[in-house]
Amino acid sequence: MQGVSMYIPDVELITSLQGRRSCVEDVLRVMERLYPEALREEWDKVGLIVGDPAWDVSKILLAVDIVPSVVREALGVGADMIVTHHPLYLRGTSFVAATNYKGRIVQDLLTNHISLMNAHTNADAARRGVSEALANLFGLFHASPLQPLASEPTLGIGRVGMLEEPTTVRTLAEQAARVLPVGKSPIRVAGDLDSEVRVLAVSPGAGDSLLSRARSAGAQAYITSDLRHHPSSEHIEDGGPALINGSHFATEFPWLPMAARDLGVQFEREGLGMQICLSHTITDPWVEYFPAELKEL
């Protein structure tokens, strides 16, 4: 995975070092308040991955993924804790030896006394979480979850809401290319570029499973990522809303500045001495984009 320098919007560093000495347990408690584990999907893995709740924490690095380049970045900025969106192990493992790259991550973290935790689908579903951050980026109002939680219908994955002013699919795609940290991945579009959009649906990360919900919610366009050929083709041919497909990383990154602010507010309220910084590493795996030449068949 190559580390690529990128522009980080709005929040570079939140400092609250005047408070008392802080530890991993303090971060776990605040994260649970903001992104309760009860909101996670049943299959998901969230929480403390590496480290000890008693370890000291003075600086946190927020990132989408935990990959070797992010660990190196944490060492470079002097972070002693990393909080990511994605888990290191989603399906579990029997080995954490340094003979594979995930094992080396664990060894590097332990050797350098850096703890690691994540908030995944619990952060997707929470208020001011990953879904809400993407919805805010496109100015949605009266937004509600695409997939509401049975226990709390105001929370859930994805969002659908009204745009302040009607626009076109083309304009939304151009906006996505401007505001998302796309790296080398393109913004792909399916549907009529000039069709009007008043109601927009968004879902950070892989969005195949919510195609029908975007349609039933009355959206004229749906912004997500990782859309596959057959579900997308069938959706468009059957008259579904236009699709705007960014990268998985790009659609989830906007949560990090929001999370940094919210964590900073909570730490200040509790008198915790902490710094929060955002990762500058693009963890989108695609390193280049070559537009195809249009050829007649």
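Remember, predicted model here, so these are calculated numbers, not experimental data.

Moving on, we come to the overall build of the protein. A tally of regular secondary structure across the protein gives 10 helices and 16 strands. Computed over C-alpha atoms, the radius of gyration of the protein comes to 20 Å, within 12% of the 19 Å expected from 2.2 N^0.38 for 297 residues, which places it in the range of a compact globule. Structurally, the protein occupies a C-alpha span of about 60 × 40 × 35 Å along its principal axes. When burial is assessed residue by residue, the protein has 51% of its 297 residues classed as buried. Accessible surface computed for the protein: about 14500 Å², of which carbon and sulfur atoms make up 52%. Taken together, the 25 basic and 37 acidic charged side chains of the protein have centroids lying 3 Å from each other.

Let us now look at the domain arrangement of the protein. Domain boundaries assigned for the protein yield domain 1 (13–34 + 47–118 + 251–278) and domain 2 (124–246). Its C-alpha centre places domain 1 at a distance of 29 Å from the equivalent point of domain 2. Contact residues are listed per partner, giving 9 residues for domain 1 and 16 residues for domain 2. The three residues of domain 1 that bury the most area against domain 2 are Thr 251, Pro 254 and Met 258, which together make up 54% of that side's buried surface. Here domain 1 is connected to domain 2 by 1 salt bridge. The interface formed by domain 1 and domain 2 contains 3 residue pairs in polar contact (both at pLDDT 80 or more). Counting residues per element, the ones that place at least two in the side of domain 1 that touches domain 2 are α9 (248–252) and α10 (255–269). With 3 residues, α10 is the largest single contributor of residues to the side of domain 1 that touches domain 2.

Here Asp 262 shows up in helix α10. Judged by its relative accessible area of 13%, Asp 262 is buried. Each residue touching Asp 262, except ones within four places of it in the same chain, is listed here: Leu 34 and Arg 128.

Burial along strand β7 (residues 115–118) is two-sided: Ser 115 and Met 117 facing one way and Leu 116 and Asn 118 facing the other are all buried. Summarising the sheet, strand β3 (residues 47–50) and β7 pair through 3 bridges and their orientation is antiparallel. Across the sheet, Val 50 pairs through a bridge with Leu 116, a residue of β7. Where strand β6 (residues 81–84) and β7 come together, 4 bridges link them in parallel fashion. Paired with Val 83 across the two strands is Met 117, which belongs to β7.

Attention now goes to the packing of aromatic side chains. Inspection of every chain in the model, using the stated rule, returns 2 aromatic pairs. Summarising the aromatic geometry, the rings of Tyr 35 and Trp 255 are spaced 5.4 Å apart at their centres and angled 80 degrees between planes, so their arrangement reads as edge-to-face. With Tyr 35 in the loop between α1 (24–34) and β3 and Trp 255 in helix α10, the pair connects residues that are 220 residues apart, well separated along the chain. You'll find Tyr 35 and Trp 255 in the same group, each marked buried. On the numbers, 5.7 Å between centres and 40 degrees between planes, the contact of Phe 249 with Phe 253 is tilted. Relative accessible area serves as the criterion here: at 4%, Phe 249 is assigned to the buried category.

The next point concerns the pairing of strand β16 (residues 274–278). Where burial is concerned, most of β16 is hidden: 5 out of the 5 residues are buried. Of the two faces of β16, the one lined by Met 274, Ile 276 and Leu 278 and the one lined by Gln 275 and Cys 277 are each fully buried. Note that strand β5 (residues 59–63) and β16 share 4 bridges and pair parallel. Bridging from a neighbouring strand, Leu 62 pairs with Leu 278 of β16.

What counts as what
- Residues numbered from 1 in each chain as written.
- Predicted model: local features only at pLDDT ≥ 70, side-chain atom pairs only at ≥ 80, totals over all residues.
- Heavy atoms only, no water.
- Helix = DSSP H or I, 4+ residues; strand = E, 2+ residues; numbered from the N terminus.
- Rg over C-alpha atoms; globule rule 2.2 N^0.38 Å.
- Buried < 20%, exposed > 50% of the residue type's maximum accessible area, 1.4 Å probe, protein only.
- Areas by Shrake-Rupley, 256 points an atom, 1.4 Å probe, with all protein chains shown as cover.
- Lys, Arg positive; Asp, Glu negative; His and termini not counted.
- Charge placed at Lys NZ, Arg CZ, Asp CG, Glu CD.
- Domains from an automatic or database assignment.
- Contact = heavy atoms within 4.5 Å.
- Buried area = accessible area lost by both parts, 1.4 Å probe.
- Salt bridge = Lys/Arg side-chain N within 4 Å of Asp/Glu carboxyl O.
- Polar contact = N/O pair within 3.5 Å; in protein donor to acceptor, adjacent residues only side chain to side chain.
- Pairing = 2+ DSSP bridges.
- Phe/Tyr/Trp six-rings, centres within 6.5 Å; stacked < 30°, edge-to-face > 60°.

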